[in-house]
Amino acid sequence: RPQTVCSAFRAAIGSCQNNQPMKPLVAILSAVLLASCASVQVPERYAQEQTDYIRGTEEAKSHQRDGVRRIAAIECYEEDDWRTLWVMKRLLKQRYSIDYDVIAPSPIPAYVAYVEGYNSIALPPLEQILGDDWYRRMWSDAETYKKANWKDLKDDYERERHFGS
């Protein structure tokens, strides 16, 4: 993200204000980078991500009107963590009637934009129910539940993994 890079350089220059001179090369490079940050333009290729973000917000509003409780996510895990995630999804559904939908297993820009848009609308009211640290707590509960009950859960996990649910 250009803004993140720009912020980092602004912070670096700000930290140099403790009366220690900057090396000439660092000063020149910083000045060039800051100048380029001042005129950041969004490339045309990001127009689709804006559309996906808006699509996410509109879908979340529609779901809220219909009483659907859903969190959209992008999750990238190894097999054992996928099992924990699967258990967490079940616990969210059983305890709170909330669907936790993994939209993509990797951060593809269009999916990231959709998820951010969707959750910008859907997540605030759900966090009132779940609390701010809900993900950490639910993950911990899921790990504990999985360790204690995996023998009973394994067949359902395998069936859903191969055939969907």
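Attention in this report is confined to the structure presented alongside it. This is a predicted model, so every value here is computed, not measured.

Observations concerning the packing of aromatic side chains
Here comes step 1: Going through the model one piece at a time under the given rule, you end up with 10 aromatic pairs.
Here comes step 2: Geometrically, the ring pair formed by Tyr100 and Tyr135 is tilted, given 6.3 Å between the ring centres and 45 degrees between the ring planes. Linking Tyr100 in strand 2 (residues 99-104) with Tyr135 in helix 6 (residues 134-163), this pair joins segments that are 35 residues apart in sequence.
Here comes step 3: A relative accessible area of 25% means that Tyr135 is categorised as partly exposed.
Here comes step 4: With a centroid separation of 5.5 Å and 75 degrees between ring planes, the pair formed by Trp134 and Tyr135 is classed as edge-to-face.
Here comes step 5: Using a relative accessible area of 6% as the deciding quantity, one classes Trp134 as buried.

Topic: the environment of Tyr118
Here comes step 1: Examined against the element boundaries, Tyr118 turns out to sit in helix 5 (residues 109-130).
Here comes step 2: Dropping the residues within four chain positions of it, Tyr118 is found in contact with Gly56, Thr57, Glu59, Ala60, His63, Arg70 and Ala72.

A closer look at the pairing of strand 1 (residues 70-74)
Here comes step 1: The element strand 1 is extensively covered by neighbouring structure, given that 4 of its 5 residues are classed as buried.
Here comes step 2: As paired elements, strand 1 and strand 2 share 5 bridges and run parallel to each other. When the bridges of strand 2 are listed, Ile74 appears paired with Ala104.
Here comes step 3: Once the chain exits strand 1 it traverses helix 4 (residues 79-96) before rejoining the sheet at strand 2, and the crossover so formed is right-handed.

Cut-offs and rules
- Each chain has its residues counted from 1, following the order in which its sequence is written.
- Whole-chain, interface and lining totals are the exception, using all residues; otherwise, since this is a predicted model, local features are given only for residues with pLDDT of at least 70 and side-chain atom pairs are given and counted only at 80 or more.
- Calculation of side-chain values draws on the structure's entire complement of heavy atoms; hydrogens and water are dropped beforehand.
- Put simply, two rings from Phe, Tyr or Trp (the six-membered ring, in Trp's case) pair if the centres are within 6.5 Å, and we call them stacked under 30 degrees between planes, edge-to-face over 60, tilted for the rest.
- A run of H or I in DSSP becomes a helix once it reaches four residues, and a run of E becomes a strand once it reaches two; helices and strands are each numbered from the N terminus.
- Type-normalised accessible area, obtained with a 1.4 Å probe on protein chains alone, sets the label of each residue: buried when under 20%, exposed when over 50%, and partly exposed for intermediate values.
- By the convention used here, residues are in contact when the closest approach between their heavy atoms is within 4.5 Å.
- Strand pairing is defined by DSSP finding a minimum of two bridges between the two strands.
- Handedness of a crossover: with both strands directed away from the viewer, a clockwise path from the first strand across the helix to the second marks it as right-handed.

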